[in-house]
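The chain contents come next:
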Amino acid sequence: LSRETSAGCSELQDIFYIRESCTAAASSPSKKKSLQLRHPLYLVLGETTSKDDNDAANDTANNKVHIGSDSSSGLQDVVDSTWRHDVEIGRGYLLLSQSYQNGRIWRFETGGGPIAIGKTLHMEPSGCRSNNYKSCSSSNGSKGNSNNNNRVGSAGLAIDFHTTTEEHSSEGLLVVTELGEGRIVRMEKSGARTPLIVQVPSFCSVATPATTDGATTPISSKNNHLMNPTKLLYTPFGDLLIGETSTDCHDNTVIGGILRLKNAMSIKELSSSQSRQAHSWNTTLNHDEEPEILYQNNGIGYVIGLALDPSWTGVYLTSIHPKDHTLSLHHLKLDMDDDDDEDSTEDQKKDSNSVDPANETNTVGGIDNESSKPRGLLDDSATLVYTVKSRSSSSSINTAAATTDGGGAIAVDQKGHIYVATYNGILVLDGPNGNLLTTLEIPKPPTSLTLGEDGFLYVTTRNQLFRIRVKNGPVIVPTNLIGKRASYVDTLHH
């Protein structure tokens, strides 16, 4: 691991297993700026080649990546992962979602010891079955390729923990983004798929283009099927947050943000027969909750990653600018009250870092829209934590590439350290201060990051799975606050 200061060394000692002490490293004649990992990054699934055969050999020789024995993983276009606990077997496992063809979800188990059990097929198809919304992929793989925006496999995953029998937020029902069906569903124990979200408000339907006299006419946000969903995230109160991006806005402006479905965990289960009928639904007929725009970034770009902070009263969000490919990490303070029209408080004063330098005016699609713009990254609800150029500005980018090649995946451990995937590796930050501690080099662009409860940070690329042993687990999310937002807010106020 690279490091800059002795303080950075102590922070790294708190995250990774390092062979030598910081005192010894500081007192060495060379005053070396790197530390030797006791447990380096390990490739457990996927091809052994990286940038090319020579680079792969050099990486292995230099202990940057240790190669596992499985050179044919079967993984294709993996776009997300999540950890799920199984109370019956007393341990958890990793689930991997791939957007290739009609979608597959793989299960990777580590067992009770250091040797991994391996990979098994958990669900197929996971993204397209009915041909009602999009045409499902044929066996030749002509559709579902993540190099275009017509993917029909699965994307973001989450765990609905309202059925947990323990205080364990990773135990529960799997929630899947079905790209081919244009919806988000919950997988019931009966095998039925309960739709949670079918249509969502568009981020760009805020105002019509300016007329010749410069006037704009606000219009209500129209509902569409999910366009470019990325990450799913549950709050302790049972709300579901979705990272989404609208790419069909005026003047081709790309606008991303966060949608919220309140009380998503309270949605009743469908029967198997109702589940089959639900494939033809153009809206959710089984509940009245409608997704709302919680945050909007007004032109900063594709929203990629979401993660709760350790206080679970705020989230970290990553976005990638469509032109210069700058990756930005923001911290968003979640509004804990149900009143969405509350005035800004004293502790939410405008921070100059919360304004995108490439778009300092409050505009949507080139339209001045100060009076009606939603809360988002251009107002006082967000703070910029870190920015980095994710890839060359000359490279082309689309939504699928942003979710698989541009980085942006994020994980936060229970002590507040932040892992952010970039095009070239994984940045490790000390927390909301945004101080860079080190960079983990990855042979290919990471597509997802998941902290397992088994002591590993899992990293996927399109067709690989890595893991590295770490000292801190994921953020601990309470399971006894579902539907209790008001009482929790009263506790905070007192």
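In this text the structure is predicted, and so the values were computed from the model without any measurement.

**Considering the overall build of the protein chain**
Then comes step 1: For the protein chain, the helix and strand inventory stands at six helices and 29 strands.
Then comes step 2: The burial tally for the protein chain puts 57% of its 494 residues in the buried class.
Then comes step 3: Surface summary for the protein chain: the accessible area is close to 20400 Å², and the carbon and sulfur share equals 45%.

**With respect to the nonpolar core**
What tends to happen in soluble globular proteins is that the nonpolar side chains get buried as a cluster.
Then comes step 1: Of all hydrophobic cores here, the largest spans 55 residues; its most connected members are Ile 197, Tyr 234, Leu 240 and Ile 258.
Then comes step 2: With six residues, the top contributor of residues to this core is strand S17 (residues 302-308).
Then comes step 3: What Tyr 234 contacts, discounting residues up to four positions off in sequence, is Ala 158, Ile 159, Asp 160, Phe 161, Val 175, Leu 196, Asp 239, Leu 240, Ala 264, Met 265 and Leu 308.
Then comes step 4: Listed in part, the 27 residues of the second largest apolar core include Cys 9, Ile 15, Leu 43 and Leu 440.

**Side note on the confidence of the model for the protein chain**
Then comes step 1: Of the residues in the protein chain, 69% have a pLDDT of 70 or more, and the chain-wide mean is 77.
Then comes step 2: Contacts from residues 67-71, a stretch scored under 50 in pLDDT, to residues over four places away or in other chains number eleven contacts.
Then comes step 3: Low pLDDT, under 50, characterises residues 207-220; the stretch is placed with 20 contacts to residues that sit more than four places away or in other chains.

**Description of the side chain of Thr 460**
Then comes step 1: Here Thr 460 shows up in strand S28 (residues 456-460).
Then comes step 2: For Thr 460, the side chain forms a polar contact with the side chain of Ser 448, separated by 2.6 Å.
Then comes step 3: Dropping the residues within four chain positions of it, Thr 460 is found in contact with Val 78, Leu 96, Pro 445, Pro 446, Thr 447, Ser 448 and Leu 465.

**Digging into the pairing of strand S25 (residues 425-429)**
Within a regular beta strand, the side chains point alternately toward one face of the sheet and then the other, so they alternate between its two faces.
Then comes step 1: Taken across its five residues, S25 has five buried, putting it largely inside the fold.
Then comes step 2: With four bridges connecting them, strand S24 (residues 418-421) and S25 associate as antiparallel partners. By the bridge assignment for S25, Ala 421 is matched with Ile 426.
Then comes step 3: If you look at the hairpin formed by S24 and S25, you'll find three residues sitting between the two strands.
Then comes step 4: Summarising the sheet, S25 and strand S26 (residues 436-441) pair through five bridges and their orientation is antiparallel. Each bridged residue has a counterpart across the sheet, and for Leu 429 the counterpart in S26 is Leu 436.

**Remarks on the packing of aromatic side chains**
Then comes step 1: Going through the model one piece at a time under the given rule, you end up with three aromatic pairs.
Then comes step 2: An aromatic cluster is defined as three or more aromatic residues linked by ring pairs; in this entry it consists of Trp 83, Phe 108, Phe 456 and Tyr 458.
Then comes step 3: In this structure, Lys 119 packs its charged tip against the face of Trp 106, placed 3.6 Å from the ring centre.
Then comes step 4: Arg 467 extends its terminal NZ or CZ atom over the ring of Phe 456, reaching a point 3.9 Å from the ring centre.

**Remarks on the sheet that holds strand S23 (residues 410-412)**
Then comes step 1: Reading across from one edge, S23-S24-S25-S26 is the order of the four strands in this open sheet, with antiparallel pairing throughout. Of all the strands in the sheet, just S23 and S26 have a single pairing partner and so form its edges. Neighbour-to-neighbour, the strand axes of this sheet turn through a mean angle of 15 degrees, independent of strand direction.

**Some points on the sheet that holds strand S22 (residues 382-389)**
Sheets are built from strands that pair by backbone hydrogen bonding, the pairs being arranged parallel or antiparallel.
Then comes step 1: On the basis of which strands lie adjacent, the open sheet formed by four strands has the order S17-S18-S19-S22 and antiparallel pairing. Single-partner strands in this sheet number two, and they are S17 and S22. Averaged over all neighbouring strand pairs, the angle between strand axes comes to 20 degrees, with direction disregarded.
Then comes step 2: Here strand S19 (residues 326-333) runs beside S22; their pairing, made up of seven bridges, is antiparallel.

**What to know about the state of the cysteines**
Then comes step 1: The full count for this structure, using the stated rule, is one disulfide.
Then comes step 2: Paired through a disulfide, Cys 128 and Cys 136 show a sulfur-sulfur distance of 2.1 Å. Its S-S torsion of about -85 degrees marks the bond between Cys 128 and Cys 136 as left-handed, since a negative value means left-handed. There is no split in this pair, since Cys 128 and Cys 136 are both buried.

**Describing the pairing of S19**
Then comes step 1: Counting buried positions along S19 yields six of eight residues, so the element is predominantly enclosed.
Then comes step 2: Taken together, the seven bridges between strand S18 (residues 314-320) and S19 define a ladder with antiparallel strand orientation. Note on S19: the bridge partner recorded for Ile 320 is Leu 327.
Then comes step 3: In this structure, the hairpin formed by S18 and S19 is closed by a connection of five residues, where His 325 is found at a positive phi of approximately 65 degrees.

**Observations concerning the side chain of Lys 231**
Then comes step 1: Secondary-structure assignment places Lys 231 in the loop between strand S12 (223-225) and strand S13 (232-234).
Then comes step 2: On the accessibility criterion, Lys 231 (14% relative accessible area) is buried.
Then comes step 3: A polar atom in the side chain of Lys 231 sits 2.9 Å from the side chain of Asp 80.
Then comes step 4: Sequence-distant contacts of Lys 231, defined by excluding residues within four places in its chain, comprise Asp 80, Ser 81, Leu 241, Ile 242, Gly 243, Ile 304, Gly 305 and Leu 306.

**Focus: the environment of Val 79**
Then comes step 1: Following the sequence through the fold, Val 79 ends up in strand S3 (residues 78-86).
Then comes step 2: Judged by relative accessible area, Val 79 falls into the buried class, the value being 10%.

**With respect to the environment of Arg 38**
Then comes step 1: Examined against the element boundaries, Arg 38 turns out to sit in the loop between helix H2 (22-27) and strand S1 (41-45).
Then comes step 2: Of the residues examined, Arg 38 reaches a relative accessible area of 41% and is grouped as partly exposed.
Then comes step 3: It is 5.4 Å that separates the C-alpha atoms of Arg 38 and Tyr 17, two residues lying 21 residues apart in sequence.
Then comes step 4: Discounting chain neighbours no more than four positions away, the residues touching Arg 38 are Tyr 17, Ile 18 and Arg 19.

Rules behind the numbers
Residues numbered from 1 in each chain as written. Predicted model: local features only at pLDDT ≥ 70, side-chain atom pairs only at ≥ 80, totals over all residues. Heavy atoms only, no water. Helix = DSSP H or I, 4+ residues; strand = E, 2+ residues; numbered from the N terminus. Buried < 20%, exposed > 50% of the residue type's maximum accessible area, 1.4 Å probe, protein only. Areas by Shrake-Rupley, 256 points an atom, 1.4 Å probe, with all protein chains shown as cover. Core = buried A, V, L, I, M, F, W, Y, C linked by side-chain atoms within 4.5 Å. Contact = heavy atoms within 4.5 Å. pLDDT = per-residue confidence, 0-100. Polar contact = N/O pair within 3.5 Å; in protein donor to acceptor, adjacent residues only side chain to side chain. Pairing = 2+ DSSP bridges. Phe/Tyr/Trp six-rings, centres within 6.5 Å; stacked < 30°, edge-to-face > 60°. Lys NZ or Arg CZ within 6 Å of the ring centre and 35° of its normal. Axes fitted to C-alpha atoms, helices over the stretch in contact; angles between N-to-C directions. Disulfide = S-S within 2.5 Å.

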